Amino acid sequence: KKMLAINYIHSKYEYDYMIHTNLTSLWNIPVLLSLHSEIPKLRCFAGHFIFNSFITGTGIIISHDLTPLLLQIHATSAQPMEDVAISHFMLTHGIPVYHLENLEKYKMNYQILDENEKNPSSPHHKNPSSPHHKNYNLEINENTYTNNILYFRIKNSTIQQDFFVAKNIIKKLYNINF
């Protein structure tokens, strides 16, 4: 389905970049629009490179000229189309990663809490002293600085927690109440 959608968009629309994301990522559109002038127009394979291994599927940005290469992954890869497979495919075809994690203005923020997580050093633990806390679980309120956050990844132990967090982020970013 994903490959059909990418092929359809590529054949029917004019665009500079395509973003591979997921339903649990909430993008900060003004920051995303400012990224347009920062990243290369050609041979752009960008995102947050994690585990020194792949671009996280929460936000893979691919320039128009690389989409035909991306469409080849279906024919050559036995892996399902996912972030690891996409990254491996692009890297083995000589496409370098544009590392968004190195840019101060384009952070991602994980909104992940698991009430059942017992390990205090886990990013899923509700613990402000955790070494991961800096990039995780930013408290969202009217005073939260979000001008350097490209997108939020929301994934909690319950859908009710996800909705609560998403509503707070949407209220902060766009002043929309639910």
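Our structure is the block above this text.
Nothing here was measured: the structure is a model prediction, and the numbers come from that model.

### Notes on the pairing of strand E9 (residues 149-154)
Reasoning step 1: Here E9 lies mainly inside the structure; 6 of its 6 residues are buried.
Reasoning step 2: Sheet analysis places strand E2 (residues 25-27) next to E9, joined by 3 bridges and oriented antiparallel. When the bridges of E9 are listed, tryptophan 27 appears paired with tyrosine 151.
Reasoning step 3: Relative to E9, strand E8 (residues 107-111) runs parallel, the two being bridged by 5 bridges. Each bridged residue has a counterpart across the sheet, and for methionine 108 the counterpart in E9 is tyrosine 151.

### What to know about the packing of aromatic side chains
Reasoning step 1: Tallied over the full model, the rule gives 3 aromatic pairs.
Reasoning step 2: Taken together, a centroid distance of 6.1 Å and an interplanar angle of 40 degrees make the contact between phenylalanine 51 and phenylalanine 54 tilted.
Reasoning step 3: Since its relative accessible area comes to 70%, phenylalanine 51 is described here as exposed.

### Some thoughts on the pattern of salt bridges
Reasoning step 1: What the rule picks out here adds up to 1 salt bridge.
Reasoning step 2: Taking the shortest distance from any N to any O, the salt bridge between glutamate 104 and lysine 107 comes out at 3.7 Å.

### Notes on the sheet that holds strand E6 (residues 60-63)
By way of backbone hydrogen bonds, the strands of a sheet pair with one another, either parallel or antiparallel.
Reasoning step 1: Across the sheet, 4 strands lie side by side as E1-E6-E3-E7; this open sheet has mixed pairing. The open sheet has two edge strands, strand E1 (17-20) and strand E7 (98-99), and neither has a second partner.
Reasoning step 2: By the bridge criterion, 2 bridges tie strand E3 (residues 45-47) to E6 in an arrangement that is antiparallel. Directly across from alanine 46, in E6, lies its bridge partner isoleucine 61.

### Details of helix H6 (residues 159-174)
Reasoning step 1: End to end, H6 covers 22 Å across 16 residues, agreeing with the expected 22 Å (1.5 Å per residue, within 8%).
Reasoning step 2: Those residues of H6 that fall on the buried side of the exposure criterion are Gln161, Asp162, Val165, Ala166, Ile169, Ile170 and Leu173. Considered in projection along H6, the buried side chains sweep an arc of 160 degrees and stay on one side of the axis. With respect to the buried face of H6, the exposed residues turned more than 90 degrees away are Gln160, Phe163 and Phe164.
Reasoning step 3: In this structure, the buried residues of H6 make contact with E2, E8 and E9.
Reasoning step 4: Just beyond H6, the residue with positive phi is asparagine 175, at close to 55 degrees.

Thresholds, definitions, all that
- Residues numbered from 1 in each chain as written.
- Predicted model: local features only at pLDDT ≥ 70, side-chain atom pairs only at ≥ 80, totals over all residues.
- Heavy atoms only, no water.
- Buried < 20%, exposed > 50% of the residue type's maximum accessible area, 1.4 Å probe, protein only.
- Helix = DSSP H or I, 4+ residues; strand = E, 2+ residues; numbered from the N terminus.
- Pairing = 2+ DSSP bridges.
- Phe/Tyr/Trp six-rings, centres within 6.5 Å; stacked < 30°, edge-to-face > 60°.
- Salt bridge = Lys/Arg side-chain N within 4 Å of Asp/Glu carboxyl O.
- Expected span 1.5 Å × (residues − 1).
- Arc of directions from axis to C-beta.
- Contact = heavy atoms within 4.5 Å.

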